[in-house]
Amino acid sequence: MSFKRLISTAAITSSFCFATAHAAEVVFYITEDGNAADAVSVSVNGQRQIVNPQGFVTFELPADSYTAELSQYGAWVGEADFTLENDDSSKDVFVEILGGEAIAETSSSGDAGGVIKGQLISTETGGPVSGARVSAAGTDLGVITDDDGSFSLELPRGNYTLTVAHPSYQRAELNVNSMPGVPVDLNVEVGMSGNGVIEEVVAVGTYVADSATTQERDASAVLDSIGAEQMSQFGDSSAASALKRVAGVAVVGGQFAVVRGLQGRYISSTLNGGLMPSTDPLRRDVPLDLFPANVLGGINIQKSYTPELPGDTTGGIIMMTTKNLPDGPVNKIKGSLGINMRTTLSDVAYYDGSETDWMGIDDGTRDLPAAYAAISNNGESAVEVCTFDPEICTSPEDATKAFNSFDHNFSVKNVQAKPEKSIAYQIGTLRDIGSGDLGYYAALQYKDKWTARHDAEVDDLGVVGTYERTKRNIDATGYFVVGYEDENMVLNSKTTLLRNTENTIKVAQLVDVDEEQPQDEVILQWVERQFLAQHFLGEYYFDQKNSLDWRINLGQTKRNEPDRRTYQYLAGNLSNSTVERRFSELVEDSLDIGFDYKYETNLSAETLLKLKIGAMASEKDREVTLVRVGMDANPASGIDFSSGIEEIINVENVDDGFVRYQSRTAGTDSYTATDTVTAYYGSFGLDFYSLQLLAGARSETSEQTLTYPNSANDESSLSSTNLLPMFSLNYQAMEDLQFRFAASQTISRPGLTERSLSVQFDPDTDEAIIGNPDLVISEITNIDVRSEYYFSESESMSLAYFIKDITAPIERTIPDGSGSAAKGVTFRNEDSAAVSGVEFDIRKNFIETIYGSAFVAGNLALIDAEVTLSEESARFEGRDTRRLQGQSETLANVQLGFDGEEYGHSFTLLVNYAGDRIYKSARSIEPEFEEARTVVDLVYKWEPSERLELSAKAGNITDSPVKFSRNDEITEQYYEGTTASLSFSYSFE
């Protein structure tokens, strides 16, 4: 029986007691073979209750004579007669089940109680936990565990919730009954950290450990936690879908987090404690849809800064951890099948690719042809064709052969979109090998999903029309962890391989209203993203006071975008200048090493001293190659440019010399970059009585260097050393109420792409993204205040207020150019920005029965973020101030659910709301906004047995359109469709 059911039993009992204000009490204690009996129900006077894991059942009854009927596993096992003489009397009924028959003995209760004793053991070290306070809630009774973690507490007769509190360990609650003559002996493990899963250990008491709520409660900073169990309950398939449930967090484009109104440059992301390389050359933050839920053990979002965190933790840090060793044997298969009501089985745009597209791997069909690379210096140089000097130019025969080595495949056709499908397998175990525990865990997953934008319309700046966009996503995951644990240390090796492939086809039929000219555009884009990481992690406990955590994280990311094909028909004719094929690849290698040494000691029974020192070093080496190849068609060739593109670009026209390919690669398109960060930090903490004080600082040195192999004179670097202090104070006003205050100084560095001279292109709009090598580092002052109230270990309420003052914020803005260059975007340090907001978060159970519990949870964030523009940006945009880009003023989530533990059913309704936010600034006119939108999901889960779990999810139920607007006029809108999926998981022996 779970902790929730214990709570629900208590709730029923409390409700009945209230209804019978003057009633006597009878307590049943039922044993079998010397232990608390299992699956026994007791019926008295029309009331029926099931024995709790401790063997107790309590009734409140008016004075009278009664016969209690006892059943086990649905079969009658006996009766017990008792009499309550008056409304103030009480009875204890001792029942022992022997050979399937209940033997009862009744005695009158007095004031005498019992002795609750036990020992606290550390989950991490296996050793005793001394100095912990064990107290009975609602009383003044409590004791401190001695050197071997033992405690003994005398309590009057009754039911109690024991609280176990230690500054270094997670808070625990134990539900116990004190009764004369009934032994209560507890052996309880407590952990320093948790994964968000509610566990229970049943002896005579019940222990609830390491819930996500507990992590938030006991953290030294403002923290929000998402556990693996919560992700499963909400049907979240990746880190991106899970994060949008957190107060003050929005996810843009299904990939990138915005925390407290601040985009990626103000947010850090770590995996298993280490900084991660990025798979997107356009951004410095990590695309979170790359991390599937089946490898994640949990996600913590810390919103206030502490010295062990990266210096650019301003909006917050997203700390992802992969799964650890299992508690026992795991052998599970999972599968799912899904549909989109608009997309699945409908005709969507597609094109012929390679034979291995279904695997998410191009077989080389899209690679830059070797013959063309040989005559163009790997695509970097223009091809000169002549007949007089093969030393300085290429012969027409070799050029023709090279041009025809390209795949002349440009046409788009209609195909039927397939249903979403995925299959996953997990296996692992943990074995006692005498000296400790040795275990492993492995997970594999394949997923194929088709999405599309339906009824898409554009009406912006004189361009109107419609478009279709189809995207096929293929995900492949491999994860393996092997580890060893004993009483002094934990060693883990974690290997992660994540692949995500997007095959995108966009076909637009637009009209330039001013020129009265049709514009038909086509984009064919294949992108492979890969994340490979090897993490070595260790924890060593010298003794109860001294411990050391260390990590060595190796990583490599790749983003391969081979043969991105674009072209336009203007007024019905193919435009030579718009035909372009791009071949780009990003490879980034990273090394992150670090350690944390912690010393903790009790200065007295009420005072704990905590010291931490640490260091880290991170280096990322990036190489970006970009080759651009355009079409050069002879206008005098007699080609009909109004015909289909494959009738224009084909072998015959190339052979005849009518069509050629020509390099358009700029000298700064390819670059290499190094980004290094080293840091030393320390903090001092003091917990005394109801106060927790933490102060510390971080010295962080960083350097970015960019070089351009094909343009040797263009090199830039940016370096800095920053001292970043912080201070926080937590005050526990009552056992369940605490207040937090934190102040800190952080920074924000520009990303490599933001400083790069290499012109990149927005994958959605194809606009040029122009870097600015003159960007400088922003400095931020942060203030956080939060109050927290905890109804129980799984129920809480919090209210937070934050302020951030930013000097020289970096914003995406208008380039200083004309013509086509003015249509791109660039980056600029603005004068200043101020961000403030309020966050409210609550989770509360409102129905508690023996069959399950219902809960409501939600959060609301109100954010005000204003940037004061630099003189240059103000001149281009036509205003002095505006909102920060990507920030919604209102974010809200509501979850309404029922967990039916008795029969294994659960229902969860999820509502997510994101207010409007600036999508893109514009020259001398209002910015373009992404309109506010509400998304509703419904998740159902059923566990018909311990091995089998079935679930169903309906996503985006209302199918509200995605809208963009300017001056309250819709500039673009489309529908994504309602989704429905069925999934199962089955555990083998």
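The rules we used
- Residues take numbers from 1 onward in each chain, read along the sequence in its written order.
- Restriction of local features to residues with pLDDT of at least 70 applies here, the model being predicted, together with a cutoff of 80 or more for giving and counting side-chain atom pairs; totals for whole chains, interfaces and linings are based on all residues.
- Side-chain metrics rest on all non-hydrogen atoms present in the structure, leaving aside hydrogens and water.
- We count a stretch as a helix when DSSP gives it H or I for four or more residues in a row; a strand needs E for two or more, and each element gets its number in order from the N terminus.
- We call a residue buried when its accessible area falls under 20% of the maximum for its residue type, exposed when it is over 50%, and partly exposed in between, using a 1.4 Å probe and counting protein chains only.
- Contacts are assigned to residue pairs with any non-hydrogen atoms lying within 4.5 Å of each other.
- Residue exposure ignores everything except the shown protein chains as possible cover, and the areas themselves are Shrake-Rupley values with a 1.4 Å probe.
- Throughout, nonpolar core names a set of buried Ala, Val, Leu, Ile, Met, Phe, Trp, Tyr and Cys residues whose side chains join them through atoms within 4.5 Å.
- Whether two strands pair depends on DSSP finding at least two bridges between them.
- Like-charged residues are merged into a patch within 9 Å and nonpolar side chains (Val, Leu, Ile, Met, Phe, Trp, Tyr) within 5 Å, provided each residue has over 30% relative accessible area and no salt bridge.
- For this analysis, a salt bridge means a side-chain nitrogen from Lys or Arg found within 4 Å of a carboxyl oxygen belonging to Asp or Glu.
- In this analysis an axis means a line fitted to C-alpha atoms, helices contributing only their contacting stretch, and an angle means the value between N-to-C directions, from 0 to 180 degrees.
- On a range of 0 to 100, pLDDT expresses the predictor's confidence in each residue.
- Taken from the helix axis, the directions to the C-beta atoms give the arc we talk about.
- What counts as a ring pair is set by centres within 6.5 Å for rings of Phe, Tyr and Trp (its six-membered ring), and what kind of pair is set by the plane angle: stacked under 30 degrees, edge-to-face over 60, tilted for all other angles.
- By definition, being over a ring means that NZ of Lys or CZ of Arg is both within 6 Å of the ring centre and within 35 degrees of the ring normal.
- In protein, a polar contact means a hydrogen-donor-capable atom and an acceptor-capable atom, both N or O and within 3.5 Å, with residues adjacent in sequence counting only if both atoms are side-chain atoms; elsewhere, any N or O pair within 3.5 Å suffices.
- When charges are counted, Lys and Arg contribute as positive and Asp and Glu as negative, whereas His and the chain ends are disregarded.
- Every charge is mapped to an atom, namely NZ of Lys, CZ of Arg, CG of Asp or CD of Glu.

### With respect to the overall build of the protein
Right, on to step 1. Per the secondary structure count, the protein includes 10 helices and 60 strands.
Right, on to step 2. Looking at the protein residue by residue over its 989 residues, the buried ones come to 54%.
Right, on to step 3. Within the protein, counting contacts between residues at least 6 apart in sequence, those at least 24 apart form 68% of the total.
Right, on to step 4. On the protein, roughly 40200 Å² of surface is accessible, and the fraction owed to carbon and sulfur atoms is 52%.

### A look at unusual backbone geometry
Right, on to step 1. Even without a glycine there, the phi angle at N272 is positive, about 55°.
Right, on to step 2. Relative to the helices and strands, N272 resides in the loop between β22 (267-271) and β23 (274-275).
Right, on to step 3. Residue N272 is classed as buried on the basis of its relative accessible area, which comes to 7%.
Right, on to step 4. For D959, which is not glycine, the phi torsion reads 50° and is therefore positive.
Right, on to step 5. Topologically, D959 is positioned in the loop between β57 (948-955) and β58 (962-966).
Right, on to step 6. The class of D959 is buried, set by a relative accessible area of 11%.

### So, the nonpolar core
Right, on to step 1. Counting 37 residues, the largest nonpolar core has Y372, Y567, L574, I649 and Y661 as the members making the most contacts within it.
Right, on to step 2. Once residues lying within four places of it in the same chain are set aside, the contact partners of I649 are H408, F410, V579, M631, V659 and Y661.
Right, on to step 3. With 23 residues, the next largest nonpolar core counts A24, A37, V40 and A68 among its residues.

### What about the sheet that holds strand β44 (residues 768-770)?
Right, on to step 1. Sheet architecture is open: 4 strands sit in the order β43-β44-β48-β47, paired in mixed fashion. The outermost strands of the open sheet, each flanked by one partner alone, are β43 (760-761) and β47 (810-813).

### Points about a nonpolar patch on the surface
Right, on to step 1. A cluster of nonpolar side chains, namely F727, L729, F741, V785, L799, Y801, V838, F840, L860 and L862, defines an oily patch on the protein surface of about 770 Å² accessible area.
Right, on to step 2. For the nonpolar patch, the secondary-structure elements that each account for two or more residues are β41 (715-734), β46 (795-807), β49 (832-849) and β50 (852-868).
Right, on to step 3. Checked against the element boundaries, L799 lands in strand β46.

### Observations concerning the pattern of salt bridges
Right, on to step 1. Tallied over the full model, the rule gives 42 salt bridges.
Right, on to step 2. Among the salt bridges present, the one from R628 reaches D669, with a minimum N-O distance of 2.9 Å. Of the two residues, R628 sits in strand β37 (residues 607-633) while D669 sits in the loop between β38 (659-663) and β39 (671-688), which places them 41 residues apart along the sequence. Summarising the burial analysis for this pair, R628 and D669 share the class buried.
Right, on to step 3. A salt bridge links D916 to R883, with the nearest nitrogen and oxygen atoms 3.5 Å apart. Of this pair, D916 sits in the loop between β53 (905-914) and β54 (917-920) while R883 sits in strand β51 (residues 881-883); the two residues are 33 residues apart in sequence, bridging distant segments of the chain.
Right, on to step 4. When its relative accessible area of 27% is taken as the criterion, D916 is described as partly exposed.
Right, on to step 5. The exposure class assigned to R883 is buried, which follows from its relative accessible area of 15%.

### Some remarks on the sheet that holds strand β16 (residues 184-190)
Right, on to step 1. One open sheet accounts for 3 strands, arranged β13-β10-β16; its pairing is mixed. Of all the strands in the sheet, the pair left with one neighbour each is β13 (150-155) and β16. Recorded for the sheet is a direction-independent mean angle of 25° between the axes of neighbouring strands.
Right, on to step 2. Inspection of the sheet shows strand β10 (residues 114-122) paired to β16 by 7 bridges, in the parallel sense. Counted as the bridge partner of G118 is L186 from β16.

### Quick word on the confidence of the model for the protein
Right, on to step 1. Of all residues in the protein, 85% attain a pLDDT of 70 or more, and the chain-wide mean is 82.
Right, on to step 2. Mean pLDDT across the secondary structure elements of the protein bottoms out at strand β17 (residues 199-202), with 30, and peaks at strand β59 (residues 969-975), with 94.
Right, on to step 3. Note that pLDDT drops below 50 for residues 1-21; the model gives that stretch 41 contacts with residues more than four away or on any other chain.
Right, on to step 4. Per-residue pLDDT stays below 50 along residues 193-211; that stretch engages in 70 contacts with residues further than four places along the chain or on separate chains.

### Regarding helix α6 (residues 396-403)
Right, on to step 1. When we look at burial in α6, the residues that qualify are A399, A402 and F403. All buried residues of α6 lie within an arc of 95° about the axis, which places them on one face of the element. More than 90 degrees from the buried face of α6, the exposed residues found are E397 and K401.
Right, on to step 2. Among the structural elements, α5 (370-375), α8 (651-655) and β38 are those in contact with the buried residues of α6.

### Some remarks on the packing of aromatic side chains
Right, on to step 1. With the rule as written, the count across this model stands at 21 aromatic pairs.
Right, on to step 2. Judged by centre distance (5.9 Å) and plane angle (80°), the ring pair of F28 and F82 falls under edge-to-face. Residue F28 is located in strand β1 (residues 24-32), and its partner F82 is located in strand β7 (residues 75-84); the two are separated by 54 residues in the primary sequence. Neither F28 nor F82 differs from the other in exposure class; each is buried.
Right, on to step 3. Its guanidinium or amino end placed over the ring of W526, R366 lies 4.0 Å from that ring's centre, counting from NZ or CZ.

### A short note on the pairing of strand β31 (residues 463-485)
Right, on to step 1. Judged from the 22 bridges that link them, strand β30 (residues 437-460) and β31 form a sheet pairing that is antiparallel. Among the inter-strand pairings, G439 is bridged to a residue of β31, identified as G483.
Right, on to step 2. The antiparallel pairing of β30 with β31 creates a hairpin that spans 2 residues between the two strands, and L461 there sits at a positive phi of about 50°.
Right, on to step 3. With 23 bridges connecting them, β31 and strand β32 (residues 489-512) associate as antiparallel partners. Considered in β32, the bridge of T470 is made with I505.
Right, on to step 4. What sits between β31 and β32 in their antiparallel hairpin is a turn of 3 residues.

### Considering the side chain of E528
Right, on to step 1. Relative to the assigned elements, E528 resides in strand β33 (residues 517-541).
Right, on to step 2. Among the residues examined, E528 registers a relative accessible area of 10% and is labelled buried.
Right, on to step 3. A polar atom in the side chain of E528 sits 2.9 Å from the backbone nitrogen of D362.
Right, on to step 4. A polar side-chain atom of E528 sits 2.8 Å from a polar atom in the side chain of R499.
Right, on to step 5. Not counting residues within four places of it along the chain, the set of residues in contact with E528 comprises G360, I361, D362, R499, N500, T501, K558, R559 and N560.

### Observations regarding the side chain of R755
Right, on to step 1. Here R755 lies in helix α9 (residues 752-755).
Right, on to step 2. One buried charged residue, R755, forms no salt bridge at all, with the nearest opposite charge on D774 at 7.5 Å.

### Some remarks on a negative patch on the surface
Right, on to step 1. A cluster of acidic side chains, namely E457, D459, D968 and E969, defines a negative patch on the protein surface.
Right, on to step 2. With relative accessibility at 74%, the residue D968 sits in the exposed group.

### Quick look at the pairing of β53
Right, on to step 1. Residues S906, T908, L910, N912 and A914 of β53 are buried on one face, while the alternating residues H905, F907, L909, V911 and Y913, pointing to the opposite face, are not.
Right, on to step 2. Across 10 bridges, the pairing between strand β52 (residues 890-900) and β53 is antiparallel. Within β53, the position partnered with G897 by the bridge is T908.
Right, on to step 3. Pairing geometry for β53 and strand β56 (residues 933-942), over 10 bridges, is antiparallel. If you follow F907 over to β56, its bridge partner there is Y940.

### Brief notes about the environment of T978
Right, on to step 1. By the element assignment, T978 lies in the loop between β59 and β60 (979-987).
Right, on to step 2. Spatially, the C-alpha atoms of T978 and A954 are 7.2 Å apart, while their sequence positions differ by 24 residues.
Right, on to step 3. If sequence neighbours within four positions are ignored, T978 has contacts with I339, N340, M341, G955, N956, I957 and D959.
Right, on to step 4. Polar side-chain contacts of T978 include one of 3.3 Å to the backbone oxygen of I957.

### What to know about the environment of V93
Right, on to step 1. Structurally, the position occupied by V93 is in strand β8 (residues 90-98).
Right, on to step 2. On the basis of relative accessible area, V93 is assigned to the buried category, the value being 0%.
Right, on to step 3. When the C-alpha atoms of V93 and E105 are compared, they prove to be 5.8 Å apart, with 12 residues separating the residues in sequence.
Right, on to step 4. If near-sequence neighbours (up to four positions away) are discounted, V93 is found in contact with V26, V27, F28, Y29, A80, A104, E105 and T106.

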